[in-house]
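# Residue-level structural notes
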Amino acid sequence: QVQLVESGGGLVQAGGSLRLSCAVSGRTFSNYAMGWFRQAPGKEREFVAAIDWSGGNTYYADSVKGRFTISRDNAKNTVFLQMNSLKPEDTAVYYCATGRLGPLLKSTTDYWGQGTQVTVSS
């Protein structure tokens with residue numbers, strides 16, 4: 001059974017930073033891409049960032065490029081999202097997901113975490 005558990009969310013002032021973590025169990029972590037998505041109240045879930053199985057290729061939404069960094073530690077079965085220069089519009093529930101890169105980038109993968117709340121105050 002694949003399980004993804006996010007942590008690291010919280011309340012931060014605009015301009016601040018947070019680091020999200022997602023620990024994965026139940027599958028060979030290093031075989032699959034990982035991604036972060038977010039969903040704000042009243043809005044659809046949107047892609048934030050993804051990283052391929054090796055960590056050699058990363059992908060970002062335009063809205064977070066230059067501010068967010070995705071990384072992974074295959075020895076610890078964990079993916080991270082470093083979020084800097086946070087803005088109130090970054091407020092959302094953040095979800096991690098795992099799967100093959102193609103479906104992951106289309107948000108059609110089957111494996112998702114439960115989400116962690118990020119709130120950025122102005």
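Preceding block: the structure.
Along each chain, the written sequence defines residue order, and numbers are assigned to residues from 1. This being a predicted model, a pLDDT of at least 70 is required before a residue's local features are given, and a value of 80 or more before pairs of side-chain atoms are given or counted; all residues contribute to the totals for chains, interfaces and linings. The basis for every side-chain value is the complete set of non-hydrogen atoms in the structure, without hydrogens or water.

### Remarks on the nonpolar core
Among the buried residues, those of types Ala, Val, Leu, Ile, Met, Phe, Trp, Tyr and Cys that are joined through side-chain atoms within 4.5 Å form a nonpolar core. Any residue under 20% of the maximum accessible area for its type is buried, any over 50% is exposed, and the rest in between are partly exposed; the area is computed with a 1.4 Å probe on protein chains only. Membership of the largest hydrophobic core comes to 31 residues, with the highest contact counts inside it found for Trp36, Leu81, Met83 and Tyr94. Elements supplying a minimum of two residues to this core: β3 (18-25), β4 (33-39), β5 (46-51), β7 (68-73), β8 (78-83), β9 (92-99) and β11 (116-121). Labels follow the DSSP assignment, with helices taken as runs of H or I lasting at least four residues and strands as runs of E lasting at least two, numbered in each case from the N terminus. Ranked by the residues each element gives to this core, the list is headed by β5, at five residues.

### Some thoughts on the sheet that holds β7
In this analysis, strands are considered paired if DSSP registers two or more bridges between them. Spatially, four strands are ordered β1-β3-β8-β7 in an open sheet, and the strand pairing comes out antiparallel. Each having just a single partner strand, β1 (3-7) and β7 make up the two edges of the open sheet. On average, adjacent strands in this sheet sit at an angle of 15 degrees to one another, irrespective of strand direction. Angles run from 0 to 180 degrees between N-to-C directions of axes, and those axes are lines fitted to C-alpha atoms, restricted for helices to the stretch in contact.

### So, the state of the cysteines
When the sulfur atoms of two cysteines share a covalent bond, that bond is a disulfide. Cysteine sulfur atoms that come within 2.5 Å of each other are treated as a disulfide pair. Evaluated as defined, the whole model comprises one disulfide. Paired by a disulfide, cysteine 22 and cysteine 96 hold their sulfur atoms 1.9 Å apart. One quick way to see it: the torsion about the S-S bond of cysteine 22 and cysteine 96 is about 40 degrees, and its sign makes the bridge right-handed. Placement of the pair is cysteine 22 in strand β3 and cysteine 96 in strand β9, with a sequence separation of 74 residues. By the burial criterion, cysteine 22 is buried, and cysteine 96 matches it.

### Considerations on unusual backbone geometry
For asparagine 77, which is not glycine, the phi torsion reads 50 degrees and is therefore positive. Structurally, asparagine 77 can be placed in the loop between β7 and β8. Overall, the relative accessible area of 28% leaves asparagine 77 in the partly exposed class. A positive phi angle, close to 50 degrees, is found at serine 85, a residue other than glycine. Mapped onto the elements, serine 85 comes out in the loop between β8 and β9. Here serine 85 falls in the partly exposed class, since its relative accessible area comes to 41%.

### Regarding the pattern of salt bridges
Any Lys or Arg side-chain nitrogen located within 4 Å of an Asp or Glu carboxyl oxygen qualifies as a salt bridge. Applying the stated criterion to the full structure yields four salt bridges. One connected set of salt bridges, linked through shared partners, spans Arg38, Glu46, Arg67 and Asp90.

### Quick word on the environment of glutamate 6
Turning to its location among the elements, glutamate 6 is positioned in strand β1. Residue glutamate 6 is classed as buried on the basis of its relative accessible area of 5%. Separated by 73 residues in the primary sequence, glutamate 6 and valine 79 have C-alpha atoms spaced 9.3 Å apart. We call two residues in contact whenever any of their non-hydrogen atoms come within 4.5 Å of each other. Every residue in contact with glutamate 6, bar those within four places of it in the chain, is listed here: Ser21, Cys22, Trp36, Tyr94, Tyr95, Cys96, Gly113, Gln114, Gly115 and Thr116. Polar contacts involving the side chain of glutamate 6 include one to the main-chain amide nitrogen of cysteine 96, which spans 2.9 Å. Pairing of N or O atoms within 3.5 Å defines a polar contact, subject to two protein rules: one partner must be a possible hydrogen donor and the other a possible acceptor, and residues neighboring in sequence count only if both atoms are side-chain atoms.

### Digging into the packing of aromatic side chains
Aromatic contacts are taken between Phe, Tyr and Trp rings whose centres are within 6.5 Å, Trp giving its six-membered ring; a plane angle under 30 degrees counts as stacked, one over 60 as edge-to-face, and the others as tilted. Within this structure, the stated rule accounts for two aromatic pairs. Relative to phenylalanine 47, the ring of phenylalanine 37 has its centre 5.7 Å away and its plane inclined at 70 degrees; by these criteria the two rings are edge-to-face. With phenylalanine 37 in strand β4 and phenylalanine 47 in strand β5, this pair connects stretches of sequence that are ten residues apart. Each member of the pair, phenylalanine 37 as well as phenylalanine 47, is classed as buried. Among the aromatic residues, those joined into a cluster by ring pairs are Phe37, Phe47 and Trp112. Two thresholds decide whether a charge sits over a ring: the Lys NZ or Arg CZ must be within 6 Å of the ring centre and within 35 degrees of the ring normal. Arginine 19 extends its terminal NZ or CZ atom over the ring of phenylalanine 80, reaching a point 4.0 Å from the ring centre. If you follow arginine 72 out to its NZ or CZ, it ends over the ring of phenylalanine 29, 4.4 Å from the centre.

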